[in-house]
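Residue-level listing of the chains:
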Amino acid sequence: MKTIASLLLLLPSFSFANTGQDLTNQPVGFMVLAIFVASYVCVIFEEKTHIKKSLPVMLAAGLIWIVIAANWTGETDAVEQAVKHYLLEYGELFLFLLAAMTYVNAITERGIFEALRVWLIGKGFNYRRLFWLTGFCAFFLSPVLDNLTTALILCAVLMAVGKDNPKFISLGAINIVVAANAGGAFSPFGDITTLMVWQKGLVEFWTFFNLFLPSLVNFVVPAACMSFAISTDTPPASHEPSPLKRGAWIVLGLFICTIILAVSFHSFLHLPPFLGMMTGLALLKFYGYYLHQTHIKKASDQAHYGNVGDVQAFDSFKFVAQAEWDTLLFFFGVIMCVGGLGFVGYLEAASHLMYGDLGASTANILIGLLSAVVDNIPIMVAVLQMNPDMNTGQWLLVTLTAGVGGSLLSVGSAAGVAMMGQAKGYYTFFSHLKWTWAVALGYVLSIACHFVINKSLF
């Protein structure tokens, strides 16, 4: 485990968590906290207000730093330097996620995920087997994609095969949400929380895979409980065609190469992972240029994809535009807001209370429970900026709990919120709440599993 001093040298943004001035009991501190709370209340009620979650936190970020700058009495450039360092922290994650989202959009457009959906539907599996198959697909797709994208892809499968079985859709949706969140916890690419921990050098890339068994337990335990309520009837099979567009497998291969580049840049060249992702994105764009140049437009473009002329032209910049900009801008607002809280002293106070008084294990488990109500992104940003002195086992624990704790409630993760929108009327807050006991059992057993199999890391 690196010392705090060496971490501060590597991560200059964290050095501003303690400014030497405790403003938490002063009007400026109260104003900053009030602005943040008000913005997050707007985020929580996004479904009711239909205001994109990025808007209130972006506004709050600006207001918080205005209040801080207007009331700051320390070194004149301290506030400016803090903002620049938080911007650098955000910029690395932004470019990483932008490249990943662009690839996911390209893979989707080439028809690979649609082919997976049609394959599952056409095999004639019964409902219980489909329940397990969609769950395992979510568990193993999420580490490479993200929990939100995984949930949206597999929701289409649920809605297609379970249109005559509302109970299957309801339970299957819970299963996919839990599996997607669990799968994202053992991979640096599976969730923004794991990505942040990896990019900060707190846990090595391959060390994350020590969470594979705890994550599997987190998914399998509630799935096993729910599977007994699933019918063994077989839905009618479908044999609709699912042709892949030209270059589909090459685009998928380039995505795998891009992930390898990101890991190699970080592990062997000691460069930020986003540089590897952007290099891989350039490869996609060059391949897109080739597809575009060799495209021969025909009237049958929409009908067949077998020959060069029978495919729509590939536009890689379109996939950049289709990135989840609301999520990317939300992340900017969160980092800036939480950075402001740290600047005035709230994160230091919270760190003393949680990690000093309660202890690391208790604090990290409680963080997982908190992530069921509050989005795990600001929680993990806050933990990273608190920068508690923890060993690798504890950093893995907070990565696990922050990732899977959101499964306890349907509103606790991006996957759950997206699923409520896609499977409206079938998957609801209360349908998920009915099985929270099973998800909680998986949560407890996954933590126990981590303590047992990874005890050498503590």
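Quick caveat, the model's predicted, so the values are computed rather than measured.

(A) Focus on helix α11 (residues 212-227). For α11, which comprises 16 residues, the first-to-last C-alpha distance of 22 Å matches the rise-based estimate of 22 Å (1.5 Å per residue) to within 8%. Pro214, Ser215, Asn218, Phe219, Val221, Pro222, Ala223, Met226 and Ser227 are the residues of α11 that are buried. Where α11 is buried, its residues touch α7 (127-141), α9 (166-185), α19 (392-404) and α22 (436-453).

(B) Focus on unusual backbone geometry. In this structure, histidine 50 is a non-glycine residue whose phi angle is positive, near 60°. Overall, the relative accessible area of 66% leaves histidine 50 in the exposed class. Here the phi dihedral of histidine 270 falls at roughly 55°; this positive angle occurs in a residue that is not glycine. Looking at where histidine 270 falls in the secondary structure, it is placed in the loop between α12 (248-267) and α13 (273-293). We classify histidine 270 as exposed; its relative accessible area is 66%.

(C) Seen up close, the environment of tyrosine 426. With respect to the helices and strands, the residue tyrosine 426 is situated in the loop between α20 (414-422) and α21 (429-433). With 261 residues separating them along the chain, tyrosine 426 and asparagine 165 place their C-alpha atoms 9.8 Å apart. Filtering out sequence-adjacent residues up to four positions away, tyrosine 426 remains in contact with Met159, Pro166, Ile169, Ser170 and Ser431.

(D) View of the nonpolar core. Trp65, Phe168, Phe189, Phe331 and Tyr355 are the most contacted members of the largest nonpolar core, which totals 142 residues. In contact with phenylalanine 189, not counting residues within four places along its chain, are Phe96, Ser142, Pro143, Val144, Leu145, Thr194, Trp198, Phe205, Ile259, Ala262, Val263 and Met277.

(E) Fine view of the side chain of asparagine 181. Mapped onto the fold, asparagine 181 is located in helix α9. Among the residues examined, asparagine 181 registers a relative accessible area of 3% and is labelled buried. Of note is the side chain of asparagine 181, whose polar atom sits 3.0 Å from the side chain of serine 407. The contact partners of asparagine 181, leaving out residues within four places of it in the chain, are Asn147, Gly403, Val404, Gly406, Ser407, Ser413 and Ala415.

(F) Spotlight on the environment of phenylalanine 228. Within the secondary structure, phenylalanine 228 is located in the loop between α11 and α12. Overall, the relative accessible area of 68% leaves phenylalanine 228 in the exposed class. Between the C-alpha atoms of phenylalanine 228 and arginine 128, which are 100 residues apart in sequence, the distance is 8.4 Å.

(G) Focus on the packing of α19 against α22. Contact geometry for α19 and α22: axes closest at 11 Å, N-to-C directions at 165°. In terms of axis orientation, α19 runs roughly antiparallel to α22. For the element pair α19 and α22, the recorded crossing hand is right-handed. Residue-level contacts link Gly393, Leu396, Leu397, Leu400, Thr401 and Val404 of α19 to Tyr443, Ser446, Ile447, His450 and Phe451 of α22. Of the residues contributing to the contact of α19 with α22, the split by class is seven nonpolar, four polar and no charged.

(H) A look at the packing of aromatic side chains. For the coordinates displayed, the defined rule picks out 29 aromatic pairs. With a centroid separation of 5.8 Å and 45° between ring planes, the pair formed by phenylalanine 94 and tryptophan 325 is classed as tilted. With phenylalanine 94 in helix α5 (residues 78-109) and tryptophan 325 in helix α15 (residues 325-344), this residue pair connects regions lying 231 residues apart in the sequence. Assessed through its relative accessible area of 34%, tryptophan 325 is described here as partly exposed. Geometry around phenylalanine 330 places lysine 53 over its ring, the cationic atom sitting 5.7 Å from the centre.

(I) The arrangement of the packing of helix α16 (residues 346-358) against helix α17 (residues 360-370) in detail. One can describe the packing of α16 onto α17 by two numbers: an axis separation of 6 Å at closest approach and a directional angle of 130°. Taken together, α16 and α17 sit at an angle that is classed as oblique. Listed contacts from α17 to Met354, Tyr355 and Leu358 of α16 are Ala360, Thr362, Ala363, Asn364, Leu366 and Ile367. Across the contact of α16 with α17, the residue classes tally to seven nonpolar, two polar and no charged.

What counts as what
Residues numbered from 1 in each chain as written. Predicted model: local features only at pLDDT ≥ 70, side-chain atom pairs only at ≥ 80, totals over all residues. Heavy atoms only, no water. Helix = DSSP H or I, 4+ residues; strand = E, 2+ residues; numbered from the N terminus. Expected span 1.5 Å × (residues − 1). Buried < 20%, exposed > 50% of the residue type's maximum accessible area, 1.4 Å probe, protein only. Contact = heavy atoms within 4.5 Å. Core = buried A, V, L, I, M, F, W, Y, C linked by side-chain atoms within 4.5 Å. Polar contact = N/O pair within 3.5 Å; in protein donor to acceptor, adjacent residues only side chain to side chain. Axes fitted to C-alpha atoms, helices over the stretch in contact; angles between N-to-C directions. Parallel < 35°, antiparallel > 145°, perpendicular 65-115°, else oblique. Left-handed = near helix turned anticlockwise from the far one by under 90°. Nonpolar A, V, L, I, M, F, W, Y, C, P; charged D, E, K, R; others polar. Phe/Tyr/Trp six-rings, centres within 6.5 Å; stacked < 30°, edge-to-face > 60°. Lys NZ or Arg CZ within 6 Å of the ring centre and 35° of its normal.

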